Every structure is written in C-alpha cells, then in structure tokens.
Amino acid sequence: MQTMQTTSFRTEHLSVFYGQYEAVKNISLNFPEQSVTALIGPSGCGKSTFLRSLNRMNDEISQAKIKGRIWIDGVDINDPSTDVIQLRQKIGMVWQKPNPFYKSIYENIAFGPKYHGIKNKKQLDEIVESSLRKAALWDEVKDRLKQSALSLSGGQQQRLCIARALSVNPRILLLDEPASALDPVSTSKIEELIVELKKELSIVIVTHNMQQAARISDYTAYFYLGTLMEHNETEIIFTNPDNAMTQEYISGRFG
Ligand SMILES: Nc1ncnc2c1ncn2[C@@H]1O[C@H](COP(=O)(O)OP(=O)(O)OP(=O)(O)O)[C@@H](O)[C@H]1O
C-alpha cells in the first residue's frame, strides 16, 4: 500500500521589509497538510508579499529582506544551503494572470521535468498527461498538445499554469488570486480543482473574493496593515470571528 507523503510547512515570526518599510510583521502561521488556507485582507496589507516569501520569490526584489523563519519539513528555506530551484519544485506558485511560456501546450508541462533531468519521451508523455488530468484540462487539449499554449482561453491557460506547477510534483501550491482575471465558469472550474488538489497538497491562496474563501478554504488568515489579525478555521472566521475588524471586512463594510 502506498503511504501518503507528509510535509510540514510553517512560518515563524516572519517579517518582510522593502528597504525600511515593514510590509509583513512578525507572522507565525502553520499550513496544515491536505488543506486550503486563504489569505484575506484589504489591498496593500501584505498578502502577496507574504505569499511570495513562502517560496523565495521575493529574492527577485533587491530591496526585499526577511526576518524570521520559514520551515518546510524542519528545513529553513532561507538557509544559504537551500537550493532555490529545488525549493520551488516543492513549493509551486501560480499568479493572478496566466503566464504560459510561448511554447506548445506539451512543452509548457514537459519543461520542468526536463529541467530536472527527465529525458525519456514515454515518461515525459505520462507526466504531461497526468498533470493535465490533475488540472482538469486533459480532455480539452489532448488532441492539440502541439498547439501554442497561447491558443487556449484565459481559463484554460490558468489551468495549464496549474498543470505546469504540478508537473514537478510539488508538496505545496501557492496561488495569488488565481481566478480574479477569469469569467465565472472558469472561476468555478479553478475552485473545483483546488478542492480536488488539496487531497494531495497543501494550498495557500490569496483572494479578494470572500465567497471564494468561504467556499474553498479550510483555514482563513485575515491580514491588516502587515499584521495577522486573526487566523482560524474558515467556518469560525465567517460565522463568529474574534475580532470586530475581521467581521467588518468579511461583511464588506470596509476594505
Ligand atoms: N516590490 C515592492 N517594493 C516596495 N514596496 C512594495 C513592493 N511590493 C509591495 N510593496 C508594498 O508592500 C505593501 C504590501 O503589498 P502587497 O502587494 O503584499 O499587499 P497585498 O495585500 O497583496 O495587496 P493587494 O491585495 O492590493 O494585492 C504595500 O504597501 C506595497 O506598496
């Protein structure tokens, strides 16, 4: 019998600075396995900054610095010995705007596995098919794998980007408003997909859509001005939050 791979993932007193400005302040948050954690809060409160730091995307921003720790399976991801490419294999990310490579549908998915050394065509074919199936896109593209990824609709491109992230077998998926640029039908497909994917992964999603957070997440973290105001099971946050500001935000009274 195959045993489920386990992964522990958490931040400990994490702060993120842009120069002197502290955009994320001392946040300790645990991301349980096989669950979705939604990060919510008004514009500019540090959600994306926090999310990007979770797989070191902030490394690309020269003035961004972090304090505190991010632990994956007991390893500090910012330790100098951490290989960032390997880290991003374990912790995949999908952005708000679909960003497929200017390549075929097949090559978008095969790119990561090839980069990590898989050369066998049959093996690559299998990975492409299974990744597209997991992203609920296979049936729509199986007869046009050689076509450009840019020939797909926006919603299909976003599922392709999710399939691309899945192709290297991540343990964690970071999603930064993955459906905000999509129509309602594509949005509900992405939401269904997230609920399906959490059976194997831990997912962290930034969303401005309160209904979406309530529908798909197990835990919700409410950010305000860079601090974590409240974190709890989503049901509690949406029915009986501790903090009056959380209540006001989720009921649309500010933000
Ligand atoms: N590259 C950057 N350089 C300097 N400051 C930045 C940078 N990126 C973000 N900030 C600042 O950090 C703060 C947090 O921004 P961030 O984008 O993380 O917030 P957010 O909650 O994700 O906002 P939104 O919901 O509007 O996407 C903001 O004040 C923003 O102006």
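Everything numeric here is computed off the predicted structure, so don't read it as measured data.

Let's talk about the overall build of the chain
Stage number 1. Looking only at helices and strands, the chain features 10 helices and 10 strands.
Stage number 2. Across its three principal axes, the chain shows a C-alpha extent of roughly 55 × 45 × 40 Å.
Stage number 3. A buried classification covers 42% of the 255 residues belonging to the chain.
Stage number 4. Partitioning the intrachain contacts of the chain with sequence separation of at least 6 by distance along the chain shows that 67% fall at a separation of at least 24.

Describing helix α4 (residues 121–134)
Stage number 1. For α4, with 14 residues, the first-to-last C-alpha span of 20 Å sits near the 20 Å given by 1.5 Å per residue.
Stage number 2. The complete set of buried residues in α4 reads I127, V128, S131 and L132. Down the axis, α4 shows its buried residues gathered within 120° of arc, on one side only. Residues of α4 that are exposed and point more than 90 degrees away from the buried face comprise K122 and Q123.

Overview of the UniProt feature "domain: ABC transporter" (unreviewed entry) in the chain
Stage number 1. In the numbering used here, UniProt assigns the feature "domain: ABC transporter" (unreviewed entry) to residues 9–250.
Stage number 2. Helix makes up 37% of residues 9–250 and strand 26%. Its end C-alpha atoms lie 26 Å apart.

Topic: the sheet that holds strand β6 (residues 91–94)
Stage number 1. Strand order in the open sheet formed by 6 strands is β6-β7-β8-β3-β9-β10, and the pairing between neighbours is mixed. Here the strands that pair on one side only, and so sit at the sheet edges, are β6 and β10 (227–233). Strand-to-strand twist in this sheet, taken as the mean axis angle between neighbours without regard to direction, amounts to 15°.
Stage number 2. Pairing of strand β9 (residues 219–224) with β10, which is carried by 6 bridges, proceeds in the antiparallel orientation. Paired with A221 across the two strands is H231, which belongs to β10.

Points about the site of the ligand
Stage number 1. If you check the shell around the ligand, you find Y18, A23, G41, S43, G44, C45, G46, K47, S48, T49 and I61 and nothing else.
Stage number 2. Among the elements that make up the shell around the ligand, the one with the highest residue count is helix α1 (residues 47–53) (3 residues).
Stage number 3. A per-class count over the shell around the ligand returns 4 nonpolar, 6 polar and 1 charged.

Describing the pairing of strand β3 (residues 36–40)
Stage number 1. In terms of burial, β3 is largely enclosed, as 5 of its 5 residues are buried.
Stage number 2. By the alternation rule, side chains of β3 split into V36, A38 and I40 and T37 and L39, which are all buried.
Stage number 3. Pairing of β3 with strand β8 (residues 202–206) involves 4 bridges; the strand directions are parallel. Looking across to β8, one finds that V36 is bridged to I203.
Stage number 4. Bridge count between β3 and β9: 4 bridges; the pairing is parallel. Each residue of the ladder has a partner; that of L39, found in β9, is A221.

Thoughts on unusual backbone geometry
Stage number 1. Despite not being glycine, D73 has its phi angle at roughly 50°, a positive value.
Stage number 2. Tracing the backbone through its elements, the reader meets D73 in the loop between β4 (64–72) and β5 (75–76).
Stage number 3. For N169, which is not a glycine, the phi torsion comes out positive at approximately 60°.
Stage number 4. If you trace the backbone, N169 turns up in the loop between α6 (154–166) and β7 (172–176).

With respect to the packing of helix α3 (residues 105–115) against α6
Stage number 1. Interhelical geometry of α3 versus α6 gives an angle of 30° and a closest axis separation of 7 Å. Relative to α6, the element α3 is oriented roughly parallel. Considering the relative orientation of α3 and α6, their crossing is right-handed. From α3, I105, N108, I109 and G112 reach across to α6, where they touch L160, A163 and R164.
Stage number 2. Classifying every residue of the contact of α3 with α6 gives 4 nonpolar, 2 polar and 1 charged.

Remarks on the sheet that holds strand β1 (residues 9–18)
Stage number 1. Taken in spatial order, the 4 strands make up an open sheet running β2-β1-β4-β5, and their pairing is antiparallel. For this open sheet the edge positions go to β2 (21–30) and β5, each flanked by a neighbour on one side alone.
Stage number 2. As judged from the 2 bridges shared by β4 and β5, these two strands associate in the antiparallel manner. Opposite W71, over in β5, you have D76 as the bridge partner.

What counts as what
- Residues numbered from 1 in each chain as written.
- Predicted model: local features only at pLDDT ≥ 70, side-chain atom pairs only at ≥ 80, totals over all residues.
- Helix = DSSP H or I, 4+ residues; strand = E, 2+ residues; numbered from the N terminus.
- Buried ≥ 20, exposed ≤ 12 C-beta atoms within 10 Å, placed from the backbone.
- Contact = placed C-beta atoms within 7 Å.
- Expected span 1.5 Å × (residues − 1).
- Arc of directions from axis to C-beta.
- UniProt positions renumbered as here; feature names shortened; annotations may be inferred.
- Pairing = 2+ DSSP bridges.
- Axes fitted to C-alpha atoms, helices over the stretch in contact; angles between N-to-C directions.
- Near = placed C-beta within 6 Å.
- Nonpolar A, V, L, I, M, F, W, Y, C, P; charged D, E, K, R; others polar.
- Parallel < 35°, antiparallel > 145°, perpendicular 65-115°, else oblique.
- Left-handed = near helix turned anticlockwise from the far one by under 90°.

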